[in-house]
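What follows is the residue order along each chain.
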Amino acid sequence: MTGVSVKTVAFTTTIPQEIIWAAGAVPVDLNNVFITGNSADYIRRAEALGIPRATCSWIKGIMGVVDDIRPDTVIAVTEGDCSNNHALMSQFRYHYPDMSILGFSYPQDKDPNMLQLQLKKLMDHLHVSPVEVDLFKKKLDELRHKLRDIDDLQTQHIGLSGKALQRLLISSTDFNQNLATYESELDQWISLLSRSALDLKTCRIGISGVPSILSDLSDLIETRFPARIVYFEVESDFAMMEPSQILVEQYLQFRYPYELFARIAAMNQQIKEKGLVAMVHYVQSFCHRQIEASIIQKLLDVPVLVLEGDAPGPVDMRTQIRIEQFMERITGATL
Ligand code: SF4
């Protein structure tokens, strides 16, 4: 490893964290800090700093977390993620002039050469070589392999609650900032799931769309109905469980930043493989990705309930009623 001054590298959505680990820095997924911390306070901070109230809560949360933890570097994904990130970068530059702010783009045409250039830019910024990054890719691949084992075991045994599965998948975007602790948690789950009985009866549901900000969405479905959530579309994509030889291949297999129809094909594949009977598609208020929802609803091979959330917290009464009506129809159970 060459001389590195960076200590904490935060980011606005999933990026090649292998490069950050190889640089001897700690990756921090700002979304994870927001949703597991004092979310309401982060939103208040962001609004006080000038983010308009009618902005996606995830964006406000990211701003609030950056204000709180003041990372050494922030990487904002400017293509392939969120159109708000350009404006967010201006806010970062204005409020934190000493912070290192870097853009990262996923090329919309999936051009491997363009993506390779982005990877190189990030490596140069963090003063790390491709050889050093490759070593960390191999280490992180071991963890991703274990996540795949858990995903397979969950499909057969359904031993994890939806909430636990979602947390495990989504925290792989920065491996909870500690590879050893995260791996030991994976080992515990693998051991536990391997010993639990096969479950072929429970009604299997998937959740697609950007990670839900609603704290009790999975619990609501699983505790009121004979159903379990065994698939989280975007969170599974973030976990990058498909094997790959090199970094550029891994980040081309990543579907979230690219076009919608590959995501839909992957969802239909998972519907088949996991035996899903319905999908709940989550959309965030003030998010441009809402425009995709009607296409997803039309093209998935199972019934789809589209739900919208705004602020972090429990499901509101109106949404609860919609979930109940949908789940009664899907499971045949009545409350
Ligand atoms: S939910 Fe939509 S608007 Fe909000 S950060 Fe994500 S992509 Fe951007």
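What you see as residue numbers is a count from 1 along each chain, following the sequence as written. Since the coordinates come from a predicted model, pLDDT governs what is reported: local features require at least 70, and pairs of side-chain atoms require 80 or more to be given and counted, while whole-chain, interface and lining totals use all residues.

*Asks:* So, the overall build of the protein chain: which residues are in play, and what are the values?
*Replies:* Secondary structure elements follow DSSP: runs of H or I no shorter than four residues count as helices, runs of E no shorter than two count as strands, and numbering proceeds from the N terminus. Secondary structure assignment for the protein chain yields 15 helices and eight strands. The globule rule is 2.2 Å times the number of residues to the power 0.38, and the radius of gyration it is compared with is taken over C-alpha atoms. On C-alpha atoms alone, the protein chain measures out to a radius of gyration of 20 Å, which is about the 20 Å that the 2.2 N^0.38 rule sets for 335 residues. With respect to the principal axes defined by its C-alpha atoms, the protein chain has extents near 60 × 45 × 35 Å. Each residue is classified by how many other C-beta atoms fall within 10 Å of its C-beta atom, where C-beta atoms are placed from the backbone; a count of 20 or more means buried, 12 or fewer means exposed, and values in between mean partly exposed. Buried positions account for 41% of the 335 residues belonging to the protein chain. Taking as baseline every contact in the protein chain between residues at least 6 positions apart, the subset at least 24 positions apart corresponds to 72%. The contact rule is simple: place each C-beta atom from the backbone, and if two of them lie within 7 Å, those residues are in contact.

*Asks:* Go over the domain arrangement of the protein chain, please, and point to the residues and values.
*Replies:* Start and end positions for the domains come from either an automated domain assignment or a database one. Here the protein chain is described as being made up of domain 1 (8-128) and domain 2 (141-331). One C-alpha centre belongs to domain 1, the other to domain 2; they are set 23 Å apart. Listed per partner, the contact involves 27 residues of domain 1 and 21 residues of domain 2. Looking at the side of domain 1 that touches domain 2, the elements with two or more residues in it are α1 (17-22), β2 (26-29), α2 (30-36), α3 (39-49), α4 (57-69) and α6 (112-125). Ten residues, namely Ala, Val, Leu, Ile, Met, Phe, Trp, Tyr, Cys and Pro, are considered nonpolar, four, namely Asp, Glu, Lys and Arg, are considered charged, and the remaining ones, Gly among them, are considered polar. The residue makeup of the side of domain 1 that touches domain 2, split by class, is 13 nonpolar, 10 polar and four charged.

*Asks:* Summarise the site of the ligand; cite the residues concerned and give the values.
*Replies:* Every residue lining the ligand is accounted for by C56, W58, I59, C82, N84, V210, Q284, C287 and R289. For the shell around the ligand, the per-class residue count stands at six nonpolar, two polar and one charged. Each residue receives a C-beta atom placed from its backbone. It is near a molecule or strand if this atom lies within 6 Å of it.

*Asks:* Describe the pairing of strand β8 (residues 304-309), with residues and values.
*Replies:* Here the rule is simple: two strands pair whenever DSSP picks up at least two bridges between them. Note: strand β7 (residues 278-284) against β8, six bridges, orientation parallel. Pairing of Y282 across the sheet is with L307, part of β8. The definition of a right-handed crossover adopted here requires that, viewed with the strands pointing away, the path from the first strand over the helix to the second runs clockwise. For the handedness criterion, the β-α-β arrangement of β7, helix α14 (residues 293-299) and β8 is classed as right-handed.

*Asks:* Give me the packing of α3 against α4: which residues, what numbers.
*Replies:* What describes two packed helices is the angle between their axes and the distance between those same axes. Between α3 and α4, the least distance of the axes is 7 Å, while the angle of their chain directions is 85°. Considered as vectors, α3 and α4 are oriented roughly perpendicular to each other. On the side of α3, the interface is formed by S39, D41, Y42, I43, R45, A46, E47 and L49, while α4 contributes S57, K60, G61, M63, G64, V65, D67 and D68. Only the stretch in contact is used when a helix axis is fitted, and all axes are lines through C-alpha atoms; the angle between N-to-C directions ranges over 0 to 180 degrees. Working definition: roughly parallel below 35 degrees, roughly antiparallel above 145 degrees, roughly perpendicular at 65 to 115 degrees, and oblique for all remaining angles.

*Asks:* Describe α4, listing the residues and the values that go with them.
*Replies:* The end-to-end C-alpha distance of α4 is 18 Å, a good match for the 18 Å that 13 residues give at a rise of 1.5 Å each. Buried residues along α4 sit in contact with β1 (8-11), α2, α3, β3 (73-79), α5 (85-95) and β7. Note on α4: the residue one or two positions beyond its end, R70, has a positive phi of about 45°. A helix is expected to span 1.5 Å multiplied by its residue count minus one.

*Asks:* Quick rundown of the pairing of β1? Include the residues and the values.
*Replies:* Relative to β2, β1 is paired through four bridges, and the arrangement is parallel. Bridged to A10 within β2 is V28. Tracing the backbone out of β1, into α1 and back to the parallel element β2 gives a crossover that is right-handed. The pairing of β1 with β3 spans three bridges and is classified as parallel. Bridge pairing in β3 places A10 opposite V74.

*Asks:* Explain the sheet that holds strand β4 (residues 100-105) to me, using residue names and the numbers behind them.
*Replies:* Across the sheet, which stays open at both edges, the four strands sit in the order β2-β1-β3-β4 with parallel pairing between neighbours. One side of each edge strand has no neighbouring strand; the edge strands of this open sheet are β2 and β4. Shown here is a sheet whose adjacent strand axes are inclined to one another by a mean of 25°, direction ignored.

*Asks:* Lay out the sheet that holds β7 with the relevant residues and their values.
*Replies:* Paired through backbone hydrogen bonds, the strands of a sheet run either parallel or antiparallel to each other. Read from one edge to the other, the open sheet built from four strands follows the order β6-β5-β7-β8, with strand pairing classed as parallel. The sheet is open, and its two borders are formed by β6 (227-232) and β8, each paired with just one other strand. On average, each strand axis in the sheet is inclined to that of its neighbour by 30°, with strand direction left out of account. Lying over the sheet, helix α10 (residues 217-224) contacts β5 (203-209) and β6, oriented at roughly 145° with respect to β6.

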